[in-house]
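So you can see what is in the structure, the chains are spelled out below.
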Amino acid sequence: MLNKSKEPSITEIYEYIGESSFLLLNTFDETMKQRYDLKRDLKFPFGNNYGWGYKYSHKTKHLCYVFFEKNAITIQLQIGGNLVQKLEKVLPECLLKTKDYWNNRYPCGEGGWIHYRVLNGEELNDVIRLLAIKQKPIFA
């Protein structure tokens, strides 16, 4: 997934991330489609440190990237400083892993970037909860 000159097929993505991560990716994809006016693009945005991934946007607003890893997916999202208070209200309900990711985020002003390695449905639910802070779902 680190060869910029070769866009991966859906079969190659499946074989790389594995069945359980592919199911998580599909669940994420379907959930996002149900909540947002979704645009998903396959991108190679940040070079070989990240490789290929999906960029998710609501209309023109960037929501997150989902990067493909061996037997996993990593969701990269930013929570801006003006949303930190909303996040801090939701964080107590989140998994310890989610709290740790926020506490160890890459800082950007008051907010920051999280690179969340999603391995199960509970973790995926937390990421979806964080994205709802960033962009309120338009569909329920």
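Residues numbered from 1 in each chain as written. Predicted model: local features only at pLDDT ≥ 70, side-chain atom pairs only at ≥ 80, totals over all residues. Heavy atoms only, no water.

### Concerning the packing of helix 1 (residues 10-17) against helix 2 (residues 19-35)
With their axes 6 Å apart at the nearest point, helix 1 and helix 2 run at an angle of 120° to one another. Overall, the two elements helix 1 and helix 2 adopt an arrangement that is oblique. In this structure, helix 1 crosses over helix 2, and the sense of that crossing is right-handed. Of the residues in helix 2, those touching helix 1 at Ile 10, Ile 13, Tyr 14 and Ile 17 are Glu 19, Ser 21, Phe 22 and Leu 25. (Axes fitted to C-alpha atoms, helices over the stretch in contact; angles between N-to-C directions. Helix = DSSP H or I, 4+ residues; strand = E, 2+ residues; numbered from the N terminus. Parallel < 35°, antiparallel > 145°, perpendicular 65-115°, else oblique. Left-handed = near helix turned anticlockwise from the far one by under 90°. Contact = heavy atoms within 4.5 Å.)

### Here we look at the packing of aromatic side chains
If you walk through the whole model with that rule in mind, you get 11 aromatic pairs. With 5.4 Å between their ring centres and 70° between their planes, Phe 44 and Trp 52 make a pair best called edge-to-face. Trp 52 matches Phe 44 in its accessibility class, with the two residues each being buried. Arranged with centres 5.3 Å apart and planes meeting at 70°, the rings of Phe 46 and Tyr 65 form a pair that is edge-to-face. Note that Phe 46 is positioned in the loop between strand 1 (38-43) and strand 2 (53-58) and Tyr 65 in strand 3 (residues 61-69), a separation of 19 residues in sequence. A network of ring pairs unites the aromatic residues Phe 28, Tyr 54, Tyr 56 and Phe 68 as a single cluster. The residue whose ring lies beneath Arg 105 is Trp 102, and the NZ or CZ to ring-centre distance is 3.9 Å. (Phe/Tyr/Trp six-rings, centres within 6.5 Å; stacked < 30°, edge-to-face > 60°. Buried < 20%, exposed > 50% of the residue type's maximum accessible area, 1.4 Å probe, protein only. Lys NZ or Arg CZ within 6 Å of the ring centre and 35° of its normal.)

### Let's talk about the sheet that holds strand 2
Pairing is antiparallel in the open sheet, where 6 strands are placed in the order 1-2-3-4-6-5. Only two strands of the sheet have a single neighbouring strand rather than two, namely strand 1 and strand 5 (106-108). Strand-to-strand twist of the sheet, defined as the mean angle between neighbouring strand axes without regard to direction, takes the value 20°. Along the sheet, helix 4 (residues 96-103) makes contact with strand 4 (72-79) and strand 6 (111-118), crossing strand 6 at roughly 140°. (Pairing = 2+ DSSP bridges.)

### Topic: the packing of helix 2 against helix 5 (residues 121-134)
Two elements in contact, helix 2 and helix 5, have axes whose closest approach is 11 Å; the angle formed by their N-to-C orientations is 30°. By the angle between their axes, helix 2 is roughly parallel relative to helix 5. Helix 5 is crossed by helix 2, and the crossing has right-handed handedness. Here Leu 24, Thr 27, Phe 28, Thr 31, Met 32 and Arg 35 of helix 2 lie close against helix 5, whose contacting residues are Gly 121, Leu 124, Val 127, Ile 128, Leu 131 and Ala 132.

### Examining the nonpolar core
Core analysis: the largest hydrophobic core is formed by 36 residues, its most contacted members being Leu 25, Phe 28 and Ile 75. It is helix 5 that provides the largest number of residues to this core, a total of 6 residues. Residue contacts for Ile 75: discarding those within four places in its chain leaves Phe 28, Cys 64, Tyr 65, Val 66, Ile 114, His 115, Tyr 116, Val 118, Leu 124 and Val 127. (Core = buried A, V, L, I, M, F, W, Y, C linked by side-chain atoms within 4.5 Å.)

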